[in-house]
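Chain and residue survey
As a plain string of letters, each chain reads:
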Amino acid sequence: MAPEHSPAVELEVGSRTVRISNPDRVYFPASGATKLDLANYYLAVGDGIVRALRERPCMLHRYPTGVAGEKVHQKRLPRGAPPWMETVEVYFPRFGRTADELCVTELAHVIWAVQMSTVEFHPWNSRRADTERPDEWRIDLDPMPDCPFDRVRRVAHVAREVLDELGAVGWPKTSGGSGLHVYVRIAPEHGFADVRRAALAFAREVERRAPADVTTTWWRRDRDPSLVFVDYNQNARDHTIASAYSVRGTPEATVSTPLRWDEIDDVDPRDCTLRTVPARYAELGDLHAGIDDAVFDLSPLLRWAERDERDGAPAPPDDDG
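Now for a quick tour of the structure.

Here the focus is the overall build of the protein chain. Broken down by element type, the protein chain carries seven helices and 15 strands. The C-alpha atoms of the protein chain give a radius of gyration of 20 Å, which matches the 20 Å a tight globule of 321 residues would have. The principal-axis extent of the C-alpha atoms belonging to the protein chain is close to 65 × 40 × 35 Å. In the protein chain, which comprises 321 residues, the proportion classed as buried is 58%.

Below you can see the structure in the form of structure tokens.
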């Protein structure tokens, strides 16, 4: 067993030096991967993780004793941060308070967060320049408990078909769990409510085309447990999901991994881990590298939303952030 208090190591990250304490502490029991392995993983996919997080408020999922222990959901930047860490202030209407969240602009910010026991990075879908106007539409294909992954694959292809017809470029990735995500870059011209309305209109169109595979039913208890829920609510204010290249808090250290569309029929998300993704990244580079160059105008989807609402479909339930 690795010592609980192994000597600290220092990592050179760009122009910064980041100290990693207890580097040999095992964070992932199934693979034996340590805190230092986690830091080295993020160094290996550096450009990709920074691109996924850049300028976004970011909630941290911290595991001070490894993923078998307690998980801490941290909105505020942890105490003791060096002066070169960056933050963005966000307001939470539900609680009437603000928080200074991590705002990554360089890889050293990520590695310092790892030093503070962060495993998962959950960014907002808006950026620091205007946190109230998202620039990322997130399509979350969330399988219900009895849903096979082949069904998720089929739904992903239907989603791509609709995106293609809209003229939108979708960037798929594994969730790091049992689902798939597809991200679309959008112009930051709409608030969260309209982005969620657009996302629901898209989800309903996917459901129309694949009614045997898809549900958009709001209440989990009312959903068919064998279907894929197209979770439009991931576009609500302050709802976050693991970023591209984020490790997940699983014993196997799975990774939310960008894919090519032609990989979806063959990928096994369980094979995308802290151990395997660095070699894939070294070979393929960041498969989401072009995402900022493919900006979609939500107007067609907002027209779909208006059509559906005229026809009696309910708008998304209220969400006050």
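Once the structure has been displayed, the description carries forward.
Bringing the nonpolar core into the picture now. Core analysis: the biggest nonpolar cluster contains 88 residues, and F28, Y42, F121, W137, F202 and V247 have the highest contact counts within it. With nine residues, the top contributor of residues to this core is helix α4 (residues 149-166). In this structure V247 touches F28, L38, Y41, Y42, V119, E120, A253, T254, V255 and L274, once residues within four positions along its chain are discounted.

This brings us to the pattern of salt bridges. One pass over the structure, following the stated rule, counts 32 salt bridges. Residue D238 pairs with K75 through a salt bridge whose shortest N-O separation is 3.1 Å. Here D238, found in the loop between β14 (228-230) and α6 (277-284), pairs with K75, found in the loop between β6 (72-74) and β7 (87-92); they are 163 residues apart in sequence, far enough to count as distant. Classification of K75 by relative accessible area gives partly exposed; the value is 24%. Two residues, R138 and E136, come together in a salt bridge whose shortest N-O distance is 2.9 Å. E136 matches R138 in its accessibility class, with the two residues each being buried. In this structure, a network of salt bridges that share partners links the residues R56, R127, D135, E136, R138, R185 and D292.

Our next topic: the pairing of strand β11 (residues 171-174). A two-sided burial pattern is seen for β11, the buried positions comprising W171 and K173 on one face and P172 and T174 on the other. The sheet contact formed by β11 and strand β12 (residues 180-186) spans four bridges and is antiparallel. Bridge pairing in β12 places P172 opposite V182. What sits between the antiparallel neighbours β11 and β12 is a turn of five residues, in which G176 has the positive phi angle 90°.

Along the chain, Q74 falls in strand β6. Q74 gets classed as buried once you look at its relative accessible area, which sits at 18%. Here R76 takes part through its backbone oxygen, which lies 3.2 Å from a polar atom of the side chain of Q74. Residues within four places of Q74 in sequence aside, it is in contact with M59, L60 and R62.

With that settled, consider the packing of aromatic side chains. Each aromatic ring pair is specified by the distance between its two centres and by the angle formed by the two planes. Enumeration over the complete set of coordinates arrives at eleven aromatic pairs. Between the aromatic rings of Y41 and Y42, the centroid separation amounts to 5.0 Å while the plane-to-plane angle is 70°, which identifies the pairing as edge-to-face. An identical accessibility class is assigned to Y41 and Y42; each is buried. Between W137 and F202, the ring centres sit 5.0 Å apart and the planes meet at 85°, which makes this aromatic pair edge-to-face. Taken together, the positions of W137 in strand β10 (residues 136-143) and F202 in helix α5 (residues 192-209) put the pair 65 residues apart, joining distant regions of the chain. Among the aromatic residues, ring-to-ring pairing joins W218, W219, F229 and Y232 into one connected group. Residue placement shows R221 over the ring face of W219; its charged tip is 5.0 Å from the ring centre.

Scoring rules and cut-offs
- Residues numbered from 1 in each chain as written.
- Predicted model: local features only at pLDDT ≥ 70, side-chain atom pairs only at ≥ 80, totals over all residues.
- Heavy atoms only, no water.
- Helix = DSSP H or I, 4+ residues; strand = E, 2+ residues; numbered from the N terminus.
- Rg over C-alpha atoms; globule rule 2.2 N^0.38 Å.
- Buried < 20%, exposed > 50% of the residue type's maximum accessible area, 1.4 Å probe, protein only.
- Core = buried A, V, L, I, M, F, W, Y, C linked by side-chain atoms within 4.5 Å.
- Contact = heavy atoms within 4.5 Å.
- Salt bridge = Lys/Arg side-chain N within 4 Å of Asp/Glu carboxyl O.
- Pairing = 2+ DSSP bridges.
- Polar contact = N/O pair within 3.5 Å; in protein donor to acceptor, adjacent residues only side chain to side chain.
- Phe/Tyr/Trp six-rings, centres within 6.5 Å; stacked < 30°, edge-to-face > 60°.
- Lys NZ or Arg CZ within 6 Å of the ring centre and 35° of its normal.

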